[in-house]
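# Observations on the model geometry
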Amino acid sequence: MTIIKSENLIEKFISNQEYETEKKGACFAKTLTCGTTLALCGEFGVGKTVFTRGIARGFGVELPITSPSFTIIQEYECAGKTLYHLDLYRIETEDSALAFGIDEFINNKNAITVIEWGDRIPNLLDSDCIVINFESASPDQRVIRFYKKQVSK
Amino acid sequence: MKILGIETSCDETAVSIVENGHNVLTNVVSSQIKKHALYGGVIPELAAREHLNNISTVIDSALLDARIGINDIDAVAVTKTPGLLPALLVGVSFAKGLVSSLNIPLIGINHITAHMFGALIDRESIINDPDSYPVVSLIVSGGHTLLVIIERDGNCTVIGRTLDDAAGEAFDKGAKILQLSYPGGPLIDKLSRFGNVSRFNFPRGLCGASGNFVKPENRLNFSFSGVKTSLLYQLKEWDFGWSELGQSVRKVIVENTVPEGKNRNQSQNLMDYLDMIASYQEAVVDALVMKTMSAVKDRNVKTLIVCGGVACNSRLREKLKIEADETKVPLIIAKPEYCTDNAAMIAGLAYYQLVSGEKDDLDLDASPSIKRIEQIPLNI
């Protein structure tokens, strides 16, 4: 099951360097309300963690935003908001993700949740989740597309 | 005083019994790497389930190995942070059960602090010598890359850390990009010995190479996401025939020698690949060595210790040794059994905590994120 459907495209953004990806994340953070889940998709080195760092900066988190590939979850608090940064690099199936308790983070109405490799758990994501797909066009350039997961019927 | 230590923060169920902080009576690690190899990584849910299956067997074999009974244990220590929460909880819950049935003290331990102690577990004289301080510790593993200063009074300060990926993650993900299996770090180490370290150019993050300005606050910080991305792109330009190459690479790993190719092209292809691995490893190692030695010089450090899984990397050990000899600073690299996750470091550090009056009660919480590096209560 793919969670990327072209008819659900909201926005396409071209980033020409890492800094622009981070800045885009920071601007995007300002539009987010608690209870939102973002599923980030794309291969290694396309800027998923950089974009998440931008979101954290947008919230005012000043700590280093390190990759949660090994730690799976990093939690940040700022100005009364909670940001969960998850990375499913080591979790390959929805069953493993559920056993890990991922539902507590996805459906947490009091936090904003960013999930790297979010396309690995398509059936666990709410229909109002935002899917962000990263592609590299050249070593520096990235194409970032924002989608609604699906229009619920 | 005999302390039983339990470590379940990641993929190892480890139990150890240590007497008076340094006399390791037993150190049992139930390695789960084989099981995870099927999945290409550590899977938390599996890890938690395995810890639960393993823990009583591992405790039994530790007691048997130490030739003591459970009633001879004076206290129980357990890793409380950081790590994968479901995995940590197995250890913490088991430890609570043990201390309430035996009516002995419980000590919760910070895994990172314990790693630093692990390098000194067989060096009691260094801990007790006031002239050993300040100590700088490089902690390098899959989840962490930190430089910590330990002062004479046991106060620890983080002076450098990674801003993105950990060094162990750079090795693990690099290995995956290079189509190597899990665990990737040891394979990169092994294969690098056959390659040319200066053939390909990879960035040394935040080191000011290629004229990039490094902000003063990043002088001791690390960055490894750039080198990973660079590998990805250099590999894209290179058309390795993976199926044929895979066979040759397996030969290098198993036979520890570079096989003759069927033809010149095949031999060259393998050499190119080995050169790329060696150059990649060199970039990660160089950044670690450069930052560590800057810390040694900046802070007038008297002892350098290195711990964590990546401290097993032979190239890192070799280059640090050369630099430390030149700077005339004593270098202590944790023994391999104390580099990777183990419980001896947990039980050993717990002795110092208990002696200085730090213990926990049954409401001890496990916490996945590292809150802070606590003071190491070494009595000197």
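As a reminder, the structure under discussion sits directly above these lines.
Calculation rules
- Residues numbered from 1 in each chain as written.
- Chains lettered and ligands numbered in written order.
- Predicted model: local features only at pLDDT ≥ 70, side-chain atom pairs only at ≥ 80, totals over all residues.
- Heavy atoms only, no water.
- Helix = DSSP H or I, 4+ residues; strand = E, 2+ residues; numbered from the N terminus.
- Contact = heavy atoms within 4.5 Å.
- Polar contact = N/O pair within 3.5 Å; in protein donor to acceptor, adjacent residues only side chain to side chain.
- Pairing = 2+ DSSP bridges.
- Axes fitted to C-alpha atoms, helices over the stretch in contact; angles between N-to-C directions.
- Buried area = accessible area lost by both parts, 1.4 Å probe.
- Salt bridge = Lys/Arg side-chain N within 4 Å of Asp/Glu carboxyl O.
- Nonpolar A, V, L, I, M, F, W, Y, C, P; charged D, E, K, R; others polar.
- Phe/Tyr/Trp six-rings, centres within 6.5 Å; stacked < 30°, edge-to-face > 60°.
- Buried < 20%, exposed > 50% of the residue type's maximum accessible area, 1.4 Å probe, protein only.
- Lys NZ or Arg CZ within 6 Å of the ring centre and 35° of its normal.

All names here are of chain A. Checked against the element boundaries, Q141 lands in the loop between β6 (130–136) and β7 (142–148). Residues Q141 and I10, spaced 131 residues apart in sequence, show a C-alpha to C-alpha distance of 20 Å. Setting aside residues up to four positions removed in sequence, Q141 forms contacts with I14, S15, N16, E135 and S136. Among the polar contacts listed, one links the side chain of Q141 to the side chain of N16, at a separation of 2.8 Å.

A few words now on the sheet that holds strand β4 (residues 75–81) of chain B. Residues and elements named next belong to chain B. Strand order in this open sheet of 5 strands is β3-β2-β1-β4-β5, and the pairing throughout is mixed. Single-partner strands in this sheet number two, and they are β3 (23–30) and β5 (106–110). Pairwise comparison of adjacent strand axes, ignoring direction, gives a mean angle of 20° for this sheet. Pairing of strand β1 (residues 2–7) with β4 involves 4 bridges; the strand directions are parallel. Bridged to I3 within β4 is A75. Here helix α13 (residues 344–355) sits on the sheet and contacts β1, β2 (13–19), β3, β4 and β5; the angle it forms with β1, its principal contact strand, is near 130°.

A separate point is the interface of chain A and chain B. With 24 residues of chain A at the interface, the matching set in chain B holds 27 residues. Counting each side, the surface lost to burial between chain A and chain B is near 2,300 Å², with a carbon and sulfur contribution of 59%. On the chain A side of the contact with chain B, F44, F70 and R90 of chain A bury the most area, a combined 30% of that side's loss. The tally of links from chain A across to chain B stands at 1 salt bridge. Between R90 of chain A and D172 of chain B there is a salt bridge; the shortest N-O distance is 3.0 Å. Our count for the contact surface shared by chain A and chain B stands at 7 residue pairs in polar contact (both at pLDDT 80 or more). By residue number, the principal contributor to the side of chain A that touches chain B is helix α3 (residues 94–100) of chain A, which donates 3 residues. Class assignment for the residues of the side of chain A that touches chain B results in 10 nonpolar, 8 polar and 6 charged.

The geometry of two aromatic rings is summed up by the distance between their centres and the angle between their planes. With the rule as written, the count across this model stands at 14 aromatic pairs over all chains. Both rings, one in W242 of chain B and one in Y273 of chain B, keep their centres 5.8 Å apart while their planes meet at 85°; by these two values the pair is edge-to-face. Note that W242 of chain B is positioned in helix α9 (residues 242–255) and Y273 of chain B in helix α10 (residues 264–298), a separation of 31 residues in sequence. Owing to a relative accessible area of 32%, W242 of chain B belongs among the partly exposed residues under this scheme. Chaining the aromatic ring pairs together yields one cluster made of F28, F51, F134 and F146 of chain A. Seen from the ring of W117 of chain A, K48 of chain A lies directly overhead, with NZ or CZ sitting 4.4 Å from the centre. Sitting over the face of the ring of F70 of chain A, R90 of chain A holds its NZ or CZ atom 3.6 Å from the ring centroid.

All we've got here are geometric facts, nothing functional implied.
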